[in-house]
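Residues per chain are reported as follows:
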Amino acid sequence: MDGNKNASSGRTGLWRNARLATLREDMGPLGIIEKGAVATRGDRIVYVGAEKDLPQNLAQADEATDCEGRWVTPALIDCHTHIVHGGNRAREFQLRLEGATYEEIARAGGGIASTVKATNALSVEELVEAALPRLDTLLGEGTATVEVKSGYGLNIEAELKMLRAARRLQELRPVRIVTSYLAAHATPPEYKGRNGDYIDDVVLPGLKAAHAEGLVDAVDGFCEGIAFSPSDIGRVFDAAKALGLPVKLHAEQLSDLGGAKLAASYGALSADHLEYLDAEGAAAMAKAGTVAVLLPGAFYTLREKQLPPVRALRDAGTRIAIATDCNPGTSPLTSLLLTMNMSATLFRLTVDECLAGVTREAARALGVLDETGTIEVGKSADLAIWNIDEPAELIYRIGFNPLHQRIFGGERIGQ
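Analysis parameters
- Residues numbered from 1 in each chain as written.
- Predicted model: local features only at pLDDT ≥ 70, side-chain atom pairs only at ≥ 80, totals over all residues.
- Heavy atoms only, no water.
- Helix = DSSP H or I, 4+ residues; strand = E, 2+ residues; numbered from the N terminus.
- Rg over C-alpha atoms; globule rule 2.2 N^0.38 Å.
- Buried < 20%, exposed > 50% of the residue type's maximum accessible area, 1.4 Å probe, protein only.
- Contact = heavy atoms within 4.5 Å.
- Areas by Shrake-Rupley, 256 points an atom, 1.4 Å probe, with all protein chains shown as cover.
- Lys, Arg positive; Asp, Glu negative; His and termini not counted.
- Charge placed at Lys NZ, Arg CZ, Asp CG, Glu CD.
- Phe/Tyr/Trp six-rings, centres within 6.5 Å; stacked < 30°, edge-to-face > 60°.
- Core = buried A, V, L, I, M, F, W, Y, C linked by side-chain atoms within 4.5 Å.
- Domains from an automatic or database assignment.
- Salt bridge = Lys/Arg side-chain N within 4 Å of Asp/Glu carboxyl O.
- Buried area = accessible area lost by both parts, 1.4 Å probe.
- 1 Å grid on protein atoms, 1.4 Å probe; cavity = no way out; pocket = protein on both sides within 12 Å on 5 of 7 lines; lining within 4 Å.
- Points joined across faces, edges and corners; volume = space filled by probe spheres on them.
- Nonpolar A, V, L, I, M, F, W, Y, C, P; charged D, E, K, R; others polar.

We now examine the overall build of the protein. Secondary structure summary: the protein contains 16 helices and 16 strands in total. At 21 Å, the protein has a C-alpha radius of gyration in line with the 22 Å of a compact globule built from 415 residues. Each of the three principal axes of the protein carries a C-alpha extent, and together these read 70 × 45 × 40 Å. Buried residues in the protein amount to 57% of all 415 residues. Sequence separation of 24 or more characterises 71% of the internal contacts of the protein that already satisfy a separation of 6 or more. For the protein, the exposed surface amounts to about 16,300 Å²; the carbon and sulfur share of it is 50%. With 43 positive and 55 negative side-chain charges, the protein shows a separation of 1 Å between the mean positions of the two kinds.

What follows covers the packing of aromatic side chains. Applying the stated criterion to the full structure yields four aromatic pairs. Centroid distance Phe 237 to Tyr 266: 5.3 Å. Interplanar angle 75 degrees. Geometry classified as edge-to-face. On the criterion of sequence distance, the pair formed by Phe 237 in helix H8 (residues 230-242) and Tyr 266 in the loop between helix H9 (259-265) and strand S11 (270-273) is long-range, its members being 29 residues apart. Look at Phe 237 and you get buried, because its relative accessible area is 0%. With relative accessibility at 19%, the residue Tyr 266 sits in the buried group. An aromatic cluster is present here, built from Tyr 191, Tyr 198 and Phe 228 joined pairwise through their rings.

The nonpolar side chains of a soluble globular protein tend to be buried, and buried together. With 70 residues, the main nonpolar core has Tyr 181, Val 203, Val 219, Leu 274 and Met 340 as its most contacted residues. By residue number, the principal contributor to this core is helix H7 (residues 195-212), which donates seven residues. Both domain 1 (12-74 + 373-413) and domain 2 (76-366) contribute no fewer than three residues apiece to this core. Setting aside chain neighbours within four positions, we find Val 203 in contact with Tyr 181, Ala 183, Ala 184, Tyr 198 and Val 236. Counting 19 residues, the second largest nonpolar core, distinct from the first, contains Leu 132, Tyr 152, Met 162 and Leu 169.

Time to look at the pattern of salt bridges. Applying the stated criterion across every chain, the model contains 33 salt bridges. For Asp 53, the salt bridge is made with Lys 52, and the minimal N-O distance between the two is 3.4 Å. On the basis of relative accessible area, Asp 53 is assigned to the partly exposed category, the value being 44%. Taking the shortest distance from any N to any O, the salt bridge between Glu 157 and Arg 164 comes out at 2.7 Å. Overlapping salt bridges, with partners in common, bring together Glu 25, Arg 319, Arg 360, Glu 361 and Arg 364 in one network.

Looking now at the domain arrangement of the protein. Taken domain by domain, the protein comprises domain 1 (12-74 + 373-413) and domain 2 (76-366). The C-alpha centroid of domain 2 is placed 30 Å from the C-alpha centroid of domain 1. For the pair domain 1 and domain 2, the summed buried area comes to about 2,100 Å², and 64% of that belongs to carbon and sulfur atoms. If you look at where domain 1 meets domain 2, you find four salt bridges.

Size it by volume and the largest pocket reaches roughly 1,400 Å³. Lining the largest pocket are 42 residues, with Gly 111, Ile 112, Ala 113, Ala 186 and Ile 226 positioned closest to its centre. Residue assignment for the lining of the largest pocket shows that the elements contributing at least two residues are helix H2 (90-97), helix H3 (102-107) and helix H4 (112-120). Taken together, the residues of the lining of the largest pocket break down into 16 nonpolar, 17 polar and nine charged. Considering the residues around the second largest pocket, the lining is formed by 23 residues, among which Phe 93, Arg 96, Thr 301, Gly 329 and Pro 332 are closest to the centre. Top element by residues in the lining of the second largest pocket is H2. It accounts for four residues. Residue classes in the lining of the second largest pocket are distributed as twelve nonpolar, seven polar and four charged.

Here it is in structure tokens:
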């Protein structure tokens with residue numbers, strides 16, 4: 001497990017006297033190493049293994065840390081968020097509690113339309129300012145990689161504005177931002193009943209403009225009766241593939257339209273939500289290597305009854321990730337620790353599945369597993385050090401943050 005290939009030049013770091021959950025698949029469920037050490041050079045990991053086997057040249061690091069027996073995991077990854085947006089929907093939340101229906105709220109200008117209006121009203125700088133508190137909360141729990149979607153602009157310039165704001169976040173904070181172009185999220189009122197025209201006029205030319213500006217890492221869509229059909233999404237995915245961009249999909253959240261199978265047929269990185277996924281869809285995803293991203297925050301907020309088919313996913317061998325789905329309407333959640341607890345409590349995922357779901361499998365769902373998500377030689381030194389007695393504590397506790405320190409690219413962040 002030692003070596004120094006692919007290491008960057010630069011200062012050396014050492015974290016010793018640690019209990020490591022490396023998440024390496026060839027070492028058991030969590031890849032545990034007791035009395036372990038991690039050595040870095042620059043931003044790369046150059047050694048992971050037992051401290052007693054640490055090469056002498058790495059033991060003399062420029063900066064060494066005694067972890068005092070603490071647990072060290074890969075830094076966490078939130079692989080599905082909408083953290084760049086304007087406004088909030090707290091008033092609508094209150095109205096629903098007082099008995100208002102979704103239809104009544106929508107007729108009064110609420111719902112996604114209110115978020116689109118609020119988002120369009122903000123500049124890039126104002127969108128960044130609004131997103132930073134949400135991002136900082138995630139980072140404060142040991143997160144180092146965050147996916148950010150567009151999708152609340154619904155016109156070309158506003159979609160570009162959201163993506164520019166997302167890119168700006170990683171200039172202001174020590175974080176890796178992965179962007180997804182989600183113009184096929186909803187149809188604006190002026191295109192009601194004309195999804196095809198909206199795709200022609202906004203989604204496809206907007207995608208080309210965003211790609212030309214270097215703003216897009218992947219292309220997403222919402223395949224649902226209230227959004228876009230499989231044939232609509234197919235057109236968007238064809239355009240993405242022509243540009244060499246990977247795809248992912250919101251699928252089977254409210255009904256089974258075969259979105260997950262469609263995503264799998266394009267070799268999608270992930271299909272997300274999946275409450276109404278059938279066994280055939282799970283098998284198609286497993287065969288294609290498409291990760292199932294489960295989103296308990298939306299399930300909880302919407303008080304849904306249809307559980308995602310976890311057993312079918314396991315039986316098919318489909319990889320499972322979990323994420324906050326942080327958004328103003330259906331999942332105002334900014335905690336991956338709570339997401340893990342909700343995934344275990346609501347969906348009955350195991351401790352191992354939950355921890356893998358916010359590290360290794362989340363990285364796989366974003367196409368960055370060669371860079372992060374496990375503690376392995378050659379990868380970015382993205383680590384989280386925890387004040388816990390065992391990994392299960394990260395999933396078991398509710399509303400408690402045991403983070404001791406976050407490391408991003410070999411740099412110690414805080415404390």
